[in-house]
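Close look at the chain arrangement
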Amino acid sequence: MKLRRCSPSKAAGSPPLTSKTSFFLCVPGWSSWTSSLKIEDKMQSSRDFHILFVPRRSLLCEQRLKEQGVLGAFINIDEYILDLIPFDGDLLSMEYESAFRECYLENDQTSLYHTAKGLMTLQALYGTIPQIYGKGDCARHVANMMLRMKREFAGSQNQILPVFDTLLLLDRNVDLLTPLATQLTYEGLIDEIYGITNGYVKLPPEKFAQKKQGEASKDLPTEPKKLQLNSAEELYAEIRDKNFNAVGAALSKKAKIISAAFEERHNAKTVGEIKQFVSQLPHMQAARSSLANHTSIAELIKDITTSDAFFDNLTVEQEFMTGVDTDKVNTHIEDAIAQKDPLIKILRLVCMQSVCNNGLKQKVLDYYKREILQTYGYEHMLTLNNLEKAGLFKPQTTSRNNYPTIRKTLKLWMEDANEQNPNDISYVYSGYAPLSIRLTQILAWPGWRSIEEVLKMLPGPHFEERQQLPAGLHKKRQQGENRTTLVFFLGGVSYAEIAALRFLSQTEDRGMEYIIATTKLMNGTTWIKSLMDRPESQTP
């Protein structure tokens, strides 16, 4: 844990705040903060010290404080519980970065307990969810804990009409392939290339600098351009979930609309018309600024996506996803290792090949391991072991590969996916339909019973539970009213998967609306990094 010192004027807590009050926020990450406390103690300072654990109080941290001899220095120890944090109108995340690692490498179910607690809090606010479906071992554990917690508080059921009709719990290890693939939506590519952190992205400043004629380049800003990304921005909400190949046309259309709106000033003749135009001016200027920002971002992304390296990488990914040459050493991966491309890129590709082939032949696996360790260093042996334990980079234990059957039955690969005007979720990966979202789609109709055999091929149990609603709280559905499903991804979810669920919400004619929740918003790079033992030594 790492303690961050807060000024008394900004800290929250029950004790009175004075100039002699010091607050510490205890957040993930450990540092040598104890020295400052010890110095204050030696100086016999009259300050009062308080500690606030974020996102929750930990007995291990308290033990560490005790070992360091500073636990007694705090007169107040409390916690600020952060379970589900709203990132957008339809998106909640716990931002529990180590959840997948804890569950599948360390056999630590702490994150599952906090997930169950978060879902119970959600039910306290929005009513009991009548139906619970799940797939995977972790999903089963979360559902069991929720049902147990409900029994324990049986006497204090809330009298709130349910907002959610269904809860779907999905283990990340049910679909290991999707996060490894390069996302091809606008928001997904921003995350892949620049990384979206807590709803913000930092971008190279050059494209955003309004350079005046004759201005020296040395006067241009050097600090990254930081932009907030959410649906509050009208243009971003419109283009975020589009395939990147459709973004250019959308920006061009928006530019014409904004230009036409500004031209309206010439038609304003009367005082009333001028007044109306002036009242719309702030919104129009904000729209023009937004358009300029996203045009610059699209240009930055295009520079990457039109490169030979990006195209070659994408070609190999799509070959793996369609089952081409997954059982032998890939020449592109060989060349990438020889050129010492970023290790994360190599690991994503070999893991994808392994997942699509239900493990690699021992000879192929050993070859990749040897090449990686000799090129990038033997300290990565632990990382390769972690990936194997997580089921991402493993030896083939059976000659039967279920992936082709799963791919064909669930239609995970769609030839000639329509990127401009999509009619299927496969547009988010230009042909590949995310397995996790296809399962969600089939659950809504015709139901999981139609794919029982495929579900048995995927890891972990699938189940259905029903929660009894208090009398009088059964929802009477109005004509045309949508059903609402909360989809909870245990272990993380990518922006492309979120885009696919939003697509289903907007286009499904069966009246289904989806709300997304997860332990962590992630992409293939951040996911692999969370499984590495020395990620700080890697080049992103």
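Note: the structure precedes this text.
One structure accompanies this document, and this report is about it. For clarity, every value in this text was computed on a predicted model and none was experimentally measured. (Residues numbered from 1 in each chain as written. Predicted model: local features only at pLDDT ≥ 70, side-chain atom pairs only at ≥ 80, totals over all residues. Heavy atoms only, no water.)

1. Some details on the overall build of the chain
Short version of the rule: Strands here mean DSSP runs of E at least two residues long; helices mean DSSP runs of H or I at least four residues long; both are numbered from the N terminus. Buried, partly exposed and exposed residues are distinguished by accessible area as a fraction of the type maximum, computed with a 1.4 Å probe on protein chains only: under 20%, between the cut-offs, and over 50%, respectively. Any two residues having at least one pair of non-hydrogen atoms within 4.5 Å are treated as being in contact. Surface accessibility in these figures is a Shrake-Rupley result with a 1.4 Å probe; residues are shielded only by whichever protein chains are displayed.
Scanning the chain for helices and strands turns up 20 helices and 14 strands. Relative to its full complement of 540 residues, the chain shows a buried share of 50%. Contacts in the chain between residues at least 24 apart in sequence constitute 76% of all its contacts with a sequence separation of at least 6. For the chain, the accessible surface area stands at approximately 27,000 Å², while carbon and sulfur atoms represent 50% of it.

2. Some thoughts on the pattern of salt bridges
Test applied: We define a salt bridge as a contact between a side-chain nitrogen of Lys or Arg and a carboxyl oxygen of Asp or Glu at a distance within 4 Å.
Inspection of the entire model under this criterion finds 22 salt bridges. Between Lys207 and Glu299 there is a salt bridge; the shortest N-O distance is 3.2 Å. Of this pair, Lys207 sits in the loop between β10 (200-203) and β11 (225-228) while Glu299 sits in helix α10 (residues 271-305), and the two are 92 residues apart along the sequence. According to the relative accessible area criterion, Lys207 is partly exposed, its value standing at 34%. A relative accessible area of 37% places Glu299 in the partly exposed class. For Glu234, the salt bridge is made with Lys254, and the minimal N-O distance between the two is 3.3 Å.

3. What about unusual backbone geometry?
The amide bond that connects Trp445 to the next residue, Pro446, takes the cis arrangement and shows omega of 5°. Among the structural elements, Pro446 can be located in the loop between α17 (435-444) and α18 (452-457). Of note, Asp325 is a non-glycine position whose phi angle comes to about 50°, a positive value. For Asp325, a relative accessible area of 39% corresponds to the partly exposed category.

4. Examining the pairing of strand β4 (residues 74-79)
Where a strand is regular, its side chains alternate between the two sheet faces. Let me state the cut-off plainly: Two strands pair if DSSP finds at least two bridges between them. With its strands directed away from the observer, a crossover is right-handed exactly when the path from the first strand over the helix to the second travels clockwise.
Where strand β3 (residues 48-53) lies against β4, five bridges are found, and the strand directions are parallel. Considered in β4, the bridge of Phe49 is made with Phe74. Taken together, β3, helix α2 (residues 59-67) and β4 form a β-α-β motif whose crossover is right-handed.

5. Observations concerning the packing of helix α13 (residues 343-356) against helix α20 (residues 524-531)
Cut-off, in case you're wondering: With axes taken as lines fitted to C-alpha atoms, and helix axes fitted only over the stretch in contact, angles between N-to-C directions fall between 0 and 180 degrees. In this scheme, roughly parallel covers angles under 35 degrees and roughly antiparallel covers those over 145, while 65 to 115 is roughly perpendicular and the rest are oblique. In the scheme used here, Gly and all other residues not listed as nonpolar or charged are polar, with Ala, Val, Leu, Ile, Met, Phe, Trp, Tyr, Cys and Pro taken as nonpolar and Asp, Glu, Lys and Arg as charged.
It is at 10 Å that the axes of α13 and α20 come closest, and there the two elements cross at 95°. Of the possible angle classes, the one that applies to α13 and α20 is roughly perpendicular. Together, Ile344, Leu347, Arg348 and Cys351 of α13 and Gly524, Thr525, Ile528 and Lys529 of α20 make up the contact between the two elements. A breakdown of the residues in the contact of α13 with α20 according to their chemical character gives four nonpolar, two polar and two charged.

6. A closer look at the packing of helix α12 (residues 331-338) against helix α14 (residues 362-376)
Put simply, the test is: Here a crossing is taken to be left-handed if its near helix is turned anticlockwise relative to the far helix by less than a right angle, and right-handed if that turn runs clockwise.
Across the interface, α12 lies against α14 with an axial gap of 10 Å and an inter-helix angle of 15°. One element, α12, and the other, α14, form an angle in the roughly parallel class. The two elements α12 and α14 cross, and the hand of that crossing is left-handed. Seen from α12, the contacting residues are Ile333, Glu334, Ala336 and Ile337; seen from α14, they are Tyr367, Tyr368, Glu371, Ile372, Thr375 and Tyr376. Looking at the contact of α12 with α14, its residues break down into seven nonpolar, one polar and two charged.

7. Quick notes on the sheet that holds β11
Overall, antiparallel pairing links the three strands, which are arranged β9-β10-β11 in an open sheet. At either margin of the open sheet sits one strand with a lone partner, and together these are β9 (196-197) and β11. Sheet topology places β9 next to β10; two bridges connect them, and they run antiparallel. Counterpart to Ile196 in the pairing with β10 is Val201.

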